[in-house]
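Here is how the chains run, residue by residue.
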Amino acid sequence: MLKFVIARLLQGILVLLAIYAVTFFLVAATPGSPFSTERAIAPEILAQIEAFYGYDKPTSERFFTSLTNVLQGEFGPSAVYANRTVTQIIAESFPVSLLLGSLALLVALGIGIPAGILAAVKRNTWLDYIPMSVSMAGICLPTFVMGPLLALLFGLILNWLPVGGWFGPEFWILPTATLGLYYAAYFARLTRGGMLEMLNQDFVRTARAKGVPETTIVLKHCLKGGLIPAITFLGPALAGIISGSFVVETIFQVPGLGQWFVRAALNRDDFLVLGLTVLFATLIVIMNLLVDIAQVALNPRLKYD
Amino acid sequence: MPPPISAAEIADEALVEGSSLWKDAWSRLRKNRLAVGSLFTFIFIVLFCIVGPWISPWEANTQDLFLGATGPSAQHWFGTDTLGRDLMVRVMYGGRISLLVGLVATLVALSIGVIYGATAGYVGGRTDSAMMRFVDLLYAIPFTIFVILLMVAFGRSLWLMFVAIGAVEWLSMARIVRSGVIGLKKQEFVEAAVSLGYSHRRIILRHLIPNVLGPVIVIATLTVPAVMLLEAFLSFLGLGVQPPDASWGVLINEGQQNMEIYPWLLIWPAAFFATTLFCLNFIGDGLRDALDPKSAKD
């Protein structure tokens, strides 16, 4: 097991390095400069600014400097928001995004998995059809459709909830629901599929014949194996929640990192784009690592290759 | 233009060759009321988007600033937007672009995925495991971030979007084709082809790929909504289709900005977009059940 974890860890580091390199050169290939403004700047001053940020050096040299800096946890200054470092911006906004993302994941798992188990156990009854139709509808309503619709219904028509800002728990509900319900739909379908596969196994028939109560069969015998598809989906779900936050934070004016990313990419705020990409990629790589470990732990038949 | 037609064409070709697989699949699909209903709804939406603008008296980009935003009326069935443009025609035009992106980007993903997967499966051994390891690595990468950076770096052209989205969505396609090819390549007809001295290329293209068409069609049908979703996501963020051109993503974004006063600007494009995704997903599920009756019903 330890060997497996170390191998996956090394692989994760490799992936991160590759992501960093690709991001760096993509950003460097973007036309324009982070320092161009609408006002004309004297060429000498522009040259000084560029020298200050290290932009007078060739791209390959900048790549290695920036890589060493990032490895030391030094993400550099924001090129557009003067006097703020990338670390400061992350420290300010990350807690908000973390709260939003965790709540959304909680909603996704807390609704999706029980609904999926229920649908599998009560297969072909209305307890199966209704959650599954609702989840299909959920999958077809991505965040940028669901968000405005929820805001329209609960915020503007019914006037129950605030539709913008981030000042307290009542402000959390709509963004969390928008982000979480979409993945709840996925988790429900995956859990149902996984549980059905387990419930059709021979050992379940044996257990039933021996008179084991149905709850024990479902919760003790089948749950572990039945959850594997849902757990596999955790990695993509986290990636989706991160990119979903770009949209949700814009719609509901949440002061989190997602808003920053798109703005930074459009404004060519190179250091901020790189810093955020590293952060997002690290989160996803860690999640994938945990998923891999959990999968092997749940299904010993998977060899640690 | 609609993807299912290409599926039907392929089915016809296969029929001429005397296979009954497609016939069986078709009769199974017909019994699936949800899939058939979705197919008809989808065809209706496609025709609505293609034919609609020719019939409608309104132009998608003609503004009428004195009119402004109005609710649905006898003249403008879906209402007009803030610049006085007829929303129904804009939804039709937006649908054309969204469906076109769905189709073309899926074809890009299909070509990459099928060729990559078939090669990996056919060659086997170390090459295969290296190639599939690479796919595993790509799965772990947050692609939306890269697509966003790509669109910023190389301008927001429609063609770049086709390629960028297609390059992201080929991974599952490659996996499915590979496992299909591995199952097939030990069979006698491949051995026969090898002993006749056919080239590897010919064996892959003419003998192996046609035999994995079933699962490929299923996954392609399910890729179309995924691709359309990504396009709408980019357009919503202002990185995809650029105004005054419209896609459903652009229209949803415009509607979202004005929904407090003019909710219909959001509701119409959102309804068309969601219905299309809904239909495509059900058609894909139905095709899977029809083409591969052994696979569990979910």
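About the thresholds
- Counting from 1, residues in each chain are numbered in the order their sequence is written.
- The order in which chains are written sets their letters, starting at A; the order in which ligands are written sets their numbers, starting at 1.
- The predicted nature of this model means local features are confined to residues of pLDDT at least 70 and side-chain atom pairs, given and counted, to a pLDDT of 80 or more, with totals for whole chains, interfaces and linings taken over all residues.
- Helix numbers and strand numbers start at the N terminus; a helix is a DSSP run of H or I with at least 4 residues, a strand a run of E with at least 2.
- The burial label depends on the number of other C-beta atoms within 10 Å of a residue's C-beta. Counts of 20 or more mean buried, 12 or fewer mean exposed, and intermediate counts mean partly exposed, with C-beta atoms placed from the backbone.
- This entry defines residue contacts through backbone-placed C-beta atoms, with two residues in contact when those atoms are within 7 Å.
- By convention in this section, buried Ala, Val, Leu, Ile, Met, Phe, Trp, Tyr and Cys residues joined through C-beta atoms within 7 Å make up a nonpolar core.
- Residues were grouped as follows: Ala, Val, Leu, Ile, Met, Phe, Trp, Tyr, Cys and Pro as nonpolar; Asp, Glu, Lys and Arg as charged; and all remaining residues, including Gly, as polar.
- For a helix, the expected span equals 1.5 Å multiplied by the number of residues minus one.
- Working convention: axes come from line fits to C-alpha atoms, limited for helices to the stretch in contact. Angles between N-to-C directions cover 0 to 180 degrees.
- Geometric relationships in this document are graded by angle, where less than 35 degrees denotes roughly parallel, more than 145 denotes roughly antiparallel, 65 to 115 denotes roughly perpendicular, and other angles denote oblique.
- Each crossing gets its hand from how the near helix is turned against the far one by less than a right angle, where anticlockwise is left-handed and clockwise is right-handed.
- For every residue, the predictor states its confidence as a pLDDT score lying anywhere from 0 to 100.

Details of the overall build of chain A
- Helix and strand content of chain A: 13 helices and zero strands.
- Each helix and strand of chain A, ordered N terminal to C terminal, gives the series α-α-α-α-α-α-α-α-α-α-α-α-α.
- With respect to the three principal axes, the spread of C-alpha positions in chain A is 85 × 55 × 30 Å.
- Among the 305 residues that make up chain A, the fraction classed as buried is 39%.

Topic: the overall build of chain B
- Within chain B, the regular secondary structure consists of 13 helices and zero strands.
- Overall, chain B shows an N-to-C arrangement of helices and strands of α-α-α-α-α-α-α-α-α-α-α-α-α.
- Taking all 298 residues of chain B together, the buried fraction comes to 47%.
- Here the contacts in chain B between residues at least 6 apart in sequence split such that 69% fall between residues at least 24 apart.

Digging into the nonpolar core
- In this structure, F187 of chain A together with I252 of chain B are the most contacted members of the largest nonpolar core, which totals 167 residues.
- The leading source of residues in this core is helix 4 (residues 87-123) of chain B, at 18 residues.

Describing the environment of G138 of chain A
- Within the secondary structure layout, G138 of chain A lies in helix 5 (residues 126-139).
- Apart from residues no more than four positions distant in its own chain, G138 of chain A is found in contact with L181, Y182, A184 and A185 of chain A.

Notes on helix 12 (residues 248-257) of chain B
- Extensive coverage of helix 12 of chain B is indicated by the burial of nine of its ten residues.
- Residues of helix 12 of chain B that are buried: W248, G249, V250, L251, I252, N253, E254, G255 and Q256 of chain B.

Concerning the interface of chain A and chain B
- If you look at the interface, chain A gives 40 residues, while chain B gives 31 residues.
- Going through the elements one at a time, helix 1 (2-29), helix 5, helix 6 (143-157), helix 7 (169-199), helix 11 (234-251), helix 12 (257-267) and helix 13 (270-298) of chain A are the ones with two or more residues in the side of chain A that touches chain B.
- A breakdown of the residues in the side of chain A that touches chain B according to their chemical character gives 30 nonpolar, seven polar and three charged.

Here we look at the environment of C279 of chain B
Residues and elements named next belong to chain B.
- Assignment of secondary structure puts C279 in helix 13 (residues 264-291).
- Residue class for C279 comes out buried when judged on the 25 C-beta atoms lying within 10 Å of it.
- Once the C-alpha coordinates of C279 and R90 are considered, the two residues, 189 residues apart in sequence, prove to be 21 Å apart.
- Setting aside residues up to four positions removed in sequence, C279 forms contacts with S38, T41 and F42.

Considering helix 3 (residues 59-71) of chain A
Residue and element names in this part refer to chain A.
- Over its 13 residues, helix 3 extends 18 Å from the first C-alpha to the last, a length consistent with the 18 Å expected when each residue adds 1.5 Å.
- Burial runs low along helix 3: only zero of the 13 residues are buried.
- Immediately beyond the C-terminal end of helix 3, within one or two residues, lies G73, with a positive phi of roughly 80°.

Description of the packing of helix 5 (residues 125-139) of chain B against helix 8 (residues 171-184) of chain B
Residues and elements named next belong to chain B.
- Viewed as axis vectors pointing N to C, helix 5 and helix 8 meet at an angle of 150°, and their least axial separation amounts to 10 Å. For the element pair helix 5 / helix 8, the angle class is roughly antiparallel. As helix 5 runs across helix 8, the sense of the crossing is left-handed. Counted together, M132, V135, L138 and Y139 of helix 5 and L171, A174, R175 and R178 of helix 8 form the full contact between these two elements.
- Looking at side-chain class alone, the contact of helix 5 with helix 8 contains six nonpolar, no polar and two charged residues.

Some thoughts on the environment of Y182 of chain A
All names here are of chain A.
- With respect to the helices and strands, Y182 occurs in helix 7.
- Expressed as a C-alpha distance, the spacing of Y182 and V107, which sit 75 residues apart in the sequence, is 9.7 Å.
- In this structure Y182 touches G138, P142, T143 and M146, once residues within four positions along its chain are discounted.

Side note on the packing of helix 11 (residues 213-236) of chain B against helix 12 of chain B
All names here are of chain B.
- Between helix 11 and helix 12, the least distance of the axes is 7 Å, while the angle of their chain directions is 40°. In terms of their interaxial angle, helix 11 and helix 12 are classed as oblique. Of the two elements, helix 11 crosses helix 12, and the hand of that crossing is right-handed. Across the interface between the two elements, E231, A232, F233, L234, S235 and F236 of helix 11 pack against W248, G249, V250, I252 and N253 of helix 12.
- In terms of residue class, the contact of helix 11 with helix 12 is built from seven nonpolar, three polar and one charged.

A short note on the confidence of the model for chain B
Residue and element names in this part refer to chain B.
- Considering every residue of chain B, the mean pLDDT works out to 78; 86% of them sit at 70 or more.
- Element-level pLDDT for chain B is lowest in helix 1 (residues 3-16), with a mean of 52, against a maximum mean of 86 in helix 4.
- Listed scores for the predicted complex are pTM 0.79 and ipTM 0.77.

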